[in-house]
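Structural overview for review
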Amino acid sequence: MNLHDSERVSGLLGLCGCIEVASPDEADIVVFMTCCVREKADTHLYGQVSAMVSAPEPPSGRRIVCVGGCIAQRDGARIREHMRNVDVVFGTRALASLPELIADALEGGSKEVVADVSEDDPGFSTDLPSRREDAWHAWVPIMTGCNNFCSYCIVPYVRGRERSRRLEDVVAEVDRLRADGVREVCLLGQNVNSYGRNVYGHPRFAELLRAVGETGIERIRFTSSHPKDLSDETIAAMAETEAVMPQLHLAVQSGSTRVLKAMNRRYTREDFLSLASRIKHAMPGIALSTDIIVGFPGETEEDFEDTLSLVREVGFSSAFTFIYSKRSGTPAAKVDDPTPREVIQERFDRLAELVATLAHDANQEELGRTVEVLVEGPSKRDDDILVGHSRKNKTVHFPLPEGASAEGLVGKLVDVRVDEARTWYLRGPLVGDAR
Ligand code: SAM
Ligand code: SF4
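Residues numbered from 1 in each chain as written. Chains lettered and ligands numbered in written order. Predicted model: local features only at pLDDT ≥ 70, side-chain atom pairs only at ≥ 80, totals over all residues. Heavy atoms only, no water.

**Looking at the pattern of salt bridges**
Cut-off, in case you're wondering: For this document, the term salt bridge refers to a Lys or Arg side-chain nitrogen within 4 Å of an Asp or Glu carboxyl oxygen. For each residue, the accessible area found with a 1.4 Å probe, counting protein chains only, is set against the maximum for its type, and the residue is called buried under 20%, exposed over 50%, and partly exposed in between.
Across all of its chains, the model carries 33 salt bridges by this definition. Put simply, Arg422 and Glu420 hold a salt bridge, and the shortest N to O gap is 3.0 Å. Put simply, Glu420 and Arg427 hold a salt bridge, and the shortest N to O gap is 3.8 Å. For Glu420, a relative accessible area of 23% translates into the label partly exposed. One salt-bridge network, in which partners are shared between bridges, spans Glu184, Arg219, Arg221, Glu242, Glu372, Arg391, Asp415 and Arg435.

**Some thoughts on the site of ligand 1**
Inclusion rule: We define proximity as follows: a residue is near a molecule or strand when any one of its heavy atoms falls within 4 Å of that partner. For this analysis, a polar contact is any N or O atom pair within 3.5 Å, provided that within protein one partner can donate a hydrogen and the other can accept it, and provided that sequence-adjacent residues contribute only side-chain to side-chain pairs. Under the convention used here, a 1.4 Å probe and the Shrake-Rupley method define accessible areas, while residue burial counts only the protein chains that appear. Secondary structure counts use DSSP, requiring at least four H or I residues in a row for a helix and at least two E residues in a row for a strand, with both numbered from the N terminus. For this scheme, ten residues count as nonpolar: Ala, Val, Leu, Ile, Met, Phe, Trp, Tyr, Cys and Pro. Four count as charged, namely Asp, Glu, Lys and Arg, and the remainder, Gly too, count as polar.
The local shell around ligand 1 holds 16 residues, among which Arg38, Gln190, Gln253, Asp291 and Ser325 are the closest. One of the backbone nitrogen or oxygen atoms of Tyr152 is found 3.0 Å away from a nitrogen atom of ligand 1. Between Asp291 and ligand 1, the recorded distance is 2.6 Å, taken from a side-chain N or O atom to an oxygen atom. For ligand 1, whose unbound accessible area comes to 570 Å², protein coverage reaches 90%. Among the secondary structure elements, those contributing two or more residues to the shell around ligand 1 are strand S11 (287–294) and strand S12 (318–323). When the residues that make up the shell around ligand 1 are grouped by side-chain class, the tally is eight nonpolar, four polar and four charged.

**Quick notes on the site of ligand 2**
Surveying the vicinity of ligand 2 reveals the residues Cys146, Asn148, Phe149, Cys150, Tyr152, Cys153, Val155, Pro156, Gln190, His226 and Arg265. Class assignment of the residues belonging to the shell around ligand 2 gives a composition of seven nonpolar, three polar and one charged.

**What about the nonpolar core?**
What counts, and what does not: Here, the term nonpolar core denotes a set of buried Ala, Val, Leu, Ile, Met, Phe, Trp, Tyr and Cys residues that are joined through side-chain atoms within 4.5 Å. Contact definition: two residues touch when any of their heavy atoms are within 4.5 Å.
Counting 69 residues, the largest nonpolar core has Val185, Leu187, Leu208 and Ile279 as its most contacted members. In this structure, Val185 is in contact with Ala138, Val140, Val174, Leu177, Val212, Ile217, Arg219, Ile220 and Arg221, ignoring residues within four places of it in sequence. Residues Leu45, Tyr46, Ile71 and Ile79 belong to the second largest nonpolar core, which totals 21 residues.

**Observations concerning unusual backbone geometry**
A cis amide bond, omega 0°, links Thr223 with the succeeding residue Ser224. Among the secondary structure elements, Ser224 is positioned in the loop between strand S9 (219–223) and helix H9 (232–240). Backbone geometry at Asn264 places phi at a positive 60°, although glycine is not the residue there. Following the sequence through the fold, Asn264 ends up in the loop between helix H10 (257–262) and helix H11 (269–282). Given a relative accessible area of 28%, Asn264 falls into the partly exposed group. Although it is not a glycine, Arg266 adopts a positive phi angle of roughly 65°.

In structure tokens, the structure reads:
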């Protein structure tokens, strides 16, 4: 969601005649888009904004520093008071007014901080211009906010309640994107399974998937899916819509029913296992990935072992693993936890090892297969190796064929015969023609 918000900031400023430069040092306007889901991102922001004080003077002689997104929403007053080099603070609902806020800051001189961190609902503003980072891929927000209030999570407080776009607006946007050369869309929401509830009175995500599939877009992904709301109707729509990729990110958070209850996730370990088996039954070979929090207040060794056994039983092909980060204002932040930091770190390392083993095992199954890859560009280390993602969302590397140009292949679909399967990527030669 933050990546997409950044693309919208870029699109909005582009409409006002701004161009992107290579580094913040060269910029007249610097916009920090922030996230406060975990503490690490918080600390980064304060360091990076302060560092702008000693950055070289920009071409215009005056630099406008803007802080937007979740941290701006939460800490608006504090930023205005303590961060002297910030000119504009805009919250999660104020994205559309950024150009005006910048104009006000320019007019008002350097003394006044211009801020909009209002909590009023401005309606759904995702029809704003967006400058996409990649020509072939687009983020498509279908809803914003969250109603779930998981006890550890700050999102509902900084992004507000759930609001969905109208189904026909989403479909029309995907249609436009497809006509513009986009091959893969990722539908975005904090809980896509609840899509439509506030507009239509009941969720319509299954219907949306089928309708987006009918636009002719080649690849559809979506994130995030809350297990408590993933219906059999949606599983059927996924299985029956050719463009929906055989991959699903389904955050489990913990394998212990006791911890899940304390997290307010509203499903049990058994519910999750039964859901995972229904999904696998409907889509054999589907790649399941997840999010897991280690060290939630009060998590015991037994709870943690429940997580390890669930991860093993489901056989996730990858997972984002996080050490619990206390977010003040959330119910979990009020619970003291005597578990020593080293114990939590040791659990985290054990989980990371298991996740890597499972990822390695899942990749071995791809050996010898030919997989379809959407090409993204050269790898970071070697210009002659191209990188893309398979339908199951696995990273795939392949050598640039002799006589081919990397630019010519970017954004194309190719087939790669997998002859090497590492933990975090697959590799092999390109076979056949790009399309
Ligand atoms: N809405 C998504 C869902 O429920 O699947 C998750 C969105 S959240 C921004 C992404 C992930 O961050 C969560 O799934 C959770 O694992 C992690 N997360 C959220 N709050 C956290 C916290 N306080 N400490 C550690 N990890 C956290
Ligand atoms: Fe946070 Fe839970 Fe909402 Fe996801 S569903 S954004 S974890 S409150």
